[in-house]
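Spelled out from the first residue to the last, the chains are:
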Number of protein chains: 2
Amino acid sequence: MHKRKTLQDVALAAGVSKMTASRALRGDKDVSQRSIMRVQKAAREIGYVGNHLASSLAGKATDLIGVVLPNLENIVFSHVLNGITETLYGTGLQPVCGITEYDPEREYEVVRNMLSWRPTGLIVTGLEFPADTAKLLREAHIPVVQIMDTDGDPIGGCVGFSHHQVGFDMAQALVQSGRKRIGYIGCGLGQDNRAQKRFDGFLAGLQQADVRLVAQRQDPGFSSIETGRHLTRALWQDHPDLDCIYYSNDDLAAGGYHHFNDLQIAIPDQVGLVGCNGLDFISGVPGRIGTTRTPRHEIGEAAVRMILQAVASGAPLAPIKQELRPEIDLGLIATQPPATPDP
Amino acid sequence: MHKRKTLQDVALAAGVSKMTASRALRGDKDVSQRSIMRVQKAAREIGYVGNHLASSLAGKATDLIGVVLPNLENIVFSHVLNGITETLYGTGLQPVCGITEYDPEREYEVVRNMLSWRPTGLIVTGLEFPADTAKLLREAHIPVVQIMDTDGDPIGGCVGFSHHQVGFDMAQALVQSGRKRIGYIGCGLGQDNRAQKRFDGFLAGLQQADVRLVAQRQDPGFSSIETGRHLTRALWQDHPDLDCIYYSNDDLAAGGYHHFNDLQIAIPDQVGLVGCNGLDFISGVPGRIGTTRTPRHEIGEAAVRMILQAVASGAPLAPIKQELRPEIDLGLIATQPPATPDP
DNA sequence: CATGGTGTCAAAACCGGTATCGGTACCAGT
DNA sequence: ACTGGTACCGATACCGGTTTTGACACCATG
């Protein structure tokens, strides 16, 4: 077994005590310039790499920010994580990421595991948690920020947007632009309650406008372009009179886009497609697919800022909601009425 | 300041010693069933959450696997990370992820920071490292696995594929399928030397087939569908006689696809598009865009297995390469000769 | 010259666990 | 009754840093 270099070794090599070496490396005061030089030189020469375990244990505070996300295949969360990472860069803090796969049990384990590293702050996804997980978060005594969703009561800080509102607004916008025969295609509703909230809001929006949802297709699995294509085919076969389809996200909408493209059905003239998230794909076909541009990167940023502020002030994070308004982009749907307008 | 519950508190509440409590919670032997029950009950009641810092420091081994990736916006690396996470799940080990943004200096910091957590193993991206970073890796005395690339000499384990070969094979395949007037579009060549390797291999493959690259367009930034569209427009304006474009990745190819779609130029009849990675988008337009399907999830899996094996055997990881062959899929290009064949 | 402040450093206590080792208590064998 | 083995438990010494405390040298001041 190899014996790693320790601070003691550095001190020995530099001819000072452990303490002085520690202070010198951390840039503490009360160390002579001469000692600093010698310690740094010694550390470099013997290839010393500090031990975060020891320093964090002794210092009672780590430089970790726990981030709990449901999934990383979904690029939405990658973007959030990126926002977090970028904002954290340079602050001396570091993100540690845990994945739950939308599994509450796994989520509990991940949160617990995070907390056992005594992080400085914690960012978790969503507002709803099982009782035991919520207990952990409440009693963590560190700043906790819940992200992505604002439809509910946060435990600590909260940054995101209302998915219900997003669905509602989109329904209203579609009806206003003249679409009346609207279908819905969604994925993973059982696991992802935010998609469910959007759908609920969408239905509420339609109802308020006195428009009925013509039909829907749902799939329990993860969303993908492929799935979007299949569901669209199925829905269209039964309801070729639709003038608009609302998808629970952009991946599915992209699948629909390809399907209608193959059929040479004009988008959005004959049928309008609307997704959610404003992914790269959407800007690849400018104006063709409507979407709600969600501020993913910004959510990551805001969450970090909330934590930084709480850490700086030393006060625990009170339940505060920060609402970031997503932006609806109907693209060409906004300007082009459906090809076969309602009588 | 709030005082966190410690093992001592649990022990006190359970009426046993700290040691017994420790053993009971970890499922060590030499503890009576009665003590186990009482300790577990006490721990639950006072809401005890272990301290990984302390246990790792005392136990001389963490349950961490460091993962160093250049970027997470790029879904390729998300997939790798997912493969790692999934394979690690249930082993008791946990991934910690660091992002370098292709910046060597930042990479050094990230690796150093990782090592300071004394992880059980380390997974890093790529084969080439600056001298100081390489030194860190060599002297880490833990299993190090380098992923994504096999064109070079690894420090420890190595899982990936040859990007040179991928480019080379694609060139050969395209020429064999009858494409002769070939252009190239790429991104971020300065930072991402794997894209550069593919390009080099591609050129070598063309040369061997006695075909000259007609033209190329490159952009220093990150790849995106938008960028692919712009570069394609630019390239096509100057060279409307191309019968094939090779893109450094699928995002760019998707941009090209949209561009030609708008122009109503037949794909792949008039111009064939080929990317790299086999992303979801490609299967969304089946057969229309060629690609090289890279085993991203598998790379993550294999890297973890290498580390697990090294940990189990206790031996340091010798420089071993594991080559995973990507799979070329030309789609319709394979069966449809270009519309205006070479005379 | 005594006094006190300042800059520099080292010894010791401590952070919250685990490894080690040496005890008890209890039972079976003789 | 004595021995030996086994199951269980706890005191103690760490792990590798940081914080605290205090000592010492040096200088300026009254």
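These lines cover the structure that appears in this document, whether it is placed above or below. (Residues numbered from 1 in each chain as written. Chains lettered and ligands numbered in written order. Predicted model: local features only at pLDDT ≥ 70, side-chain atom pairs only at ≥ 80, totals over all residues. Heavy atoms only, no water.)

1. Quick look at the overall build of chain A
Looking only at helices and strands, chain A features 13 helices and twelve strands. Relative to its length of 343 residues, chain A is extended, with a C-alpha radius of gyration of 26 Å against a globular reference of 20 Å. By principal-axis analysis of the C-alpha atoms, chain A measures approximately 90 × 40 × 35 Å. For chain A, the residues scored as buried account for 56% of the 343 residues in total. With an accessible surface of roughly 14500 Å², chain A has 51% of that area assigned to carbon and sulfur atoms. The distance from the centre of the 33 positive side-chain charges to the centre of the 38 negative ones in chain A is 12 Å. (Helix = DSSP H or I, 4+ residues; strand = E, 2+ residues; numbered from the N terminus. Rg over C-alpha atoms; globule rule 2.2 N^0.38 Å. Buried < 20%, exposed > 50% of the residue type's maximum accessible area, 1.4 Å probe, protein only. Areas by Shrake-Rupley, 256 points an atom, 1.4 Å probe, with all protein chains shown as cover. Lys, Arg positive; Asp, Glu negative; His and termini not counted. Charge placed at Lys NZ, Arg CZ, Asp CG, Glu CD.)

2. Some points on the protein's contact with DNA strand C
Taken together, 26 residues surround DNA strand C, and among them A:Ser17, A:Ser35, B:Lys18, B:Met19 and B:Ser22 come closest. A:Thr20 is positioned such that a nitrogen or oxygen atom in its side chain is 3.0 Å from a phosphate oxygen of DNA strand C. Here a base nitrogen of DNA strand C and a side-chain polar atom of A:Arg23 are 3.1 Å apart. Secondary structure elements with two or more residues in the surface near DNA strand C: helix 2 (18-26) and helix 4 (52-59) of chain A together with helix 2 (18-26) and helix 4 (52-59) of chain B. Considering only residue class, the surface near DNA strand C consists of eleven nonpolar, eight polar and seven charged. (Near = heavy atom within 4 Å. Polar contact = N/O pair within 3.5 Å; in protein donor to acceptor, adjacent residues only side chain to side chain. Nonpolar A, V, L, I, M, F, W, Y, C, P; charged D, E, K, R; others polar.)

3. Looking at the interface of chain B and chain A
By a widespread convention, an interface's size corresponds to the accessible area lost as its parts come together. On the chain A side, the residues contacting the 60 residues of chain B number 60 residues. Contact between chain B and chain A buries roughly 5300 Å² in total, counting both sides, with carbon and sulfur atoms accounting for 52%. When the buried area of chain B at its contact with chain A is split by residue, B:Leu53, B:Trp117 and B:Arg118 rank highest and sum to 13% of it. Residue B:Glu86 is joined to A:Arg106 by a salt bridge in which the shortest nitrogen-to-oxygen separation is 3.6 Å. Applying the counting rule to chain B against chain A returns 20 residue pairs in polar contact (both at pLDDT 80 or more). Looking at the side of chain B that touches chain A, the elements with two or more residues in it are helix 4, helix 5 (75-88), strand 2 (94-99), helix 6 (104-115), helix 7 (131-138), helix 10 (225-238), helix 11 (250-262) and helix 12 (280-284) of chain B. (Contact = heavy atoms within 4.5 Å. Buried area = accessible area lost by both parts, 1.4 Å probe. Salt bridge = Lys/Arg side-chain N within 4 Å of Asp/Glu carboxyl O.)

4. A few points about the protein's contact with DNA strand D
For DNA strand D, the set of nearby residues contains 25 residues, the closest of which are A:Lys18, A:Ser22, B:Thr20, B:Arg23 and B:Ser35. Near the protein, meaning within 4 Å, the atoms of DNA strand D are sugar or phosphate in a fraction of 58%, with bases accounting for the rest. The contact in question runs from a base oxygen of DNA strand D to an N or O atom on the side chain of B:Arg23, over 2.8 Å. Within the backbone of B:Ala58, a nitrogen or oxygen atom sits 3.4 Å from a base oxygen of DNA strand D. Broken down by element, the surface near DNA strand D gets its largest block of residues, five residues, from helix 2 of chain A. Of the residues assigned to the surface near DNA strand D, the class counts are ten nonpolar, eight polar and seven charged.

5. So, the environment of A:Thr87
Residues and elements named next belong to chain A. Within the element layout of this structure, Thr 87 appears in helix 5 (residues 75-88). For Thr 87 and Gly 300, which are 213 residues apart along the polypeptide, the C-alpha to C-alpha distance reads 7.8 Å. For Thr 87, the contacting residues outside a window of four places in its chain are Glu 301 and Val 304.

6. Digging into the relation of the copies chain B and chain A
The operation linking the two copies of the chain is a rotation about an axis combined with a translation along the axis. Under the fitted operation, chain B is carried onto chain A by 0.0 Å of movement along the axis and a turn of 180°, and the coordinates agree to an RMSD of 0.1 Å. The transformation just described matches what one would write down for a two-fold rotation axis. If distances are taken from each C-alpha of chain B to the rotation axis, the shortest is found for B:Leu53, at 2.6 Å. With an isologous cut-off of 70% or more, the 98% of interface residues of chain B that recur at the interface of chain A puts this contact in the isologous class. (Least-squares fit on C-alpha atoms with pLDDT ≥ 70 in both.)

7. Section: the sheet that holds strand 4 (residues 144-149) of chain B
Residue and element names in this part refer to chain B. What the six strands build is an open sheet, ordered 2-1-3-4-5-11; its pairing is parallel. Strands with a single pairing partner mark the edges of an open sheet, and in this sheet they are strand 2 and strand 11 (320-323). Averaged over all neighbouring strand pairs, the angle between strand axes comes to 20°, with direction disregarded. (Pairing = 2+ DSSP bridges. Axes fitted to C-alpha atoms, helices over the stretch in contact; angles between N-to-C directions.)

8. Observations concerning the packing of aromatic side chains
Describing an aromatic ring pair means giving the distance of the ring centres and the angle of the ring planes. A complete count under the given rule lists 13 aromatic pairs over all chains for this structure. Centre to centre, the rings of B:Tyr184 and B:Tyr246 are 6.0 Å apart; their planes meet at 50°, and the pair counts as tilted. Here B:Tyr184, found in strand 6 (residues 182-187), pairs with B:Tyr246, found in strand 8 (residues 244-247); they are 62 residues apart in sequence, far enough to count as distant. B:Tyr246 carries the same exposure label as B:Tyr184, and that label is buried. Aromatic ring contacts, followed pair by pair, group A:Tyr184, A:Phe199, A:Phe202 and A:Tyr246 into a single cluster. The cationic tip of A:Arg106 hangs over the ring face of B:Tyr89; the distance from NZ or CZ to the ring centre is 3.5 Å. (Phe/Tyr/Trp six-rings, centres within 6.5 Å; stacked < 30°, edge-to-face > 60°. Lys NZ or Arg CZ within 6 Å of the ring centre and 35° of its normal.)

9. Quick word on a negative patch on the surface
Taken together, A:Asp103, A:Glu105, A:Glu109 and A:Asp132 make up a surface patch of like negative charges. Relative to the elements of secondary structure, A:Glu109 occurs in helix 6 (residues 104-115). (Patch = residues over 30% accessible without salt bridge, like charges linked within 9 Å, V, L, I, M, F, W, Y side chains within 5 Å.)

10. Some remarks on the pairing of strand 4 (residues 144-149) of chain A
Residue and element names in this part refer to chain A. Burial within strand 4 is extensive, with six of its six residues counted as buried. Strand direction decides the pairing type here: strand 3 (residues 121-125) and strand 4, joined by four bridges, are parallel. Within strand 4, the position partnered with Leu 122 by the bridge is Val 144. Taking the sense of rotation as the criterion, the β-α-β connection linking strand 3, helix 7 (residues 131-138) and strand 4 turns out right-handed. Relative to strand 5 (residues 157-161), strand 4 runs parallel, the two sharing five bridges. Looking at the pairing, Met 148 lines up with Gly 160 of strand 5. (Right-handed = clockwise from strand over helix to strand, strands pointing away.)

11. Overview of empty space enclosed by the protein
Summed over the entire model, instances satisfying the criterion amount to one cavity of 30 Å³ or more. Reported here for the largest cavity is a volume of approximately 130 Å³. Looking at the largest cavity, it is lined by 14 residues, and the ones nearest its centre are A:Leu64, A:Val96, A:Trp117, B:Leu64 and B:Val96. Looking at the lining of the largest cavity, the elements with two or more residues in it are strand 1 (64-69) and strand 2 (94-99) of chain A together with strand 1 (64-69) and strand 2 of chain B. Of the residues that constitute the lining of the largest cavity, the class distribution is ten nonpolar, four polar and no charged. (1 Å grid on protein atoms, 1.4 Å probe; cavity = no way out; pocket = protein on both sides within 12 Å on 5 of 7 lines; lining within 4 Å. Points joined across faces, edges and corners; volume = space filled by probe spheres on them.)

12. So, the packing of helix 5 of chain B against helix 13 (residues 296-313) of chain B
Residue and element names in this part refer to chain B. Following both chains from N to C, one finds helix 5 and helix 13 inclined at 40°, their axes separated by 7 Å at the closest point. Classified by the angle their axes make, helix 5 and helix 13 are oblique. Relative to helix 13, the crossing made by helix 5 is right-handed. Note on element contacts: helix 13 touches helix 5 through Arg 296, His 297, Gly 300, Glu 301 and Val 304, opposite Val 76, His 79, Val 80, Asn 82, Gly 83, Ile 84, Glu 86, Thr 87 and Leu 88. Partitioning the contact of helix 5 with helix 13 into residue classes produces five nonpolar, six polar and three charged. (Parallel < 35°, antiparallel > 145°, perpendicular 65-115°, else oblique. Left-handed = near helix turned anticlockwise from the far one by under 90°.)

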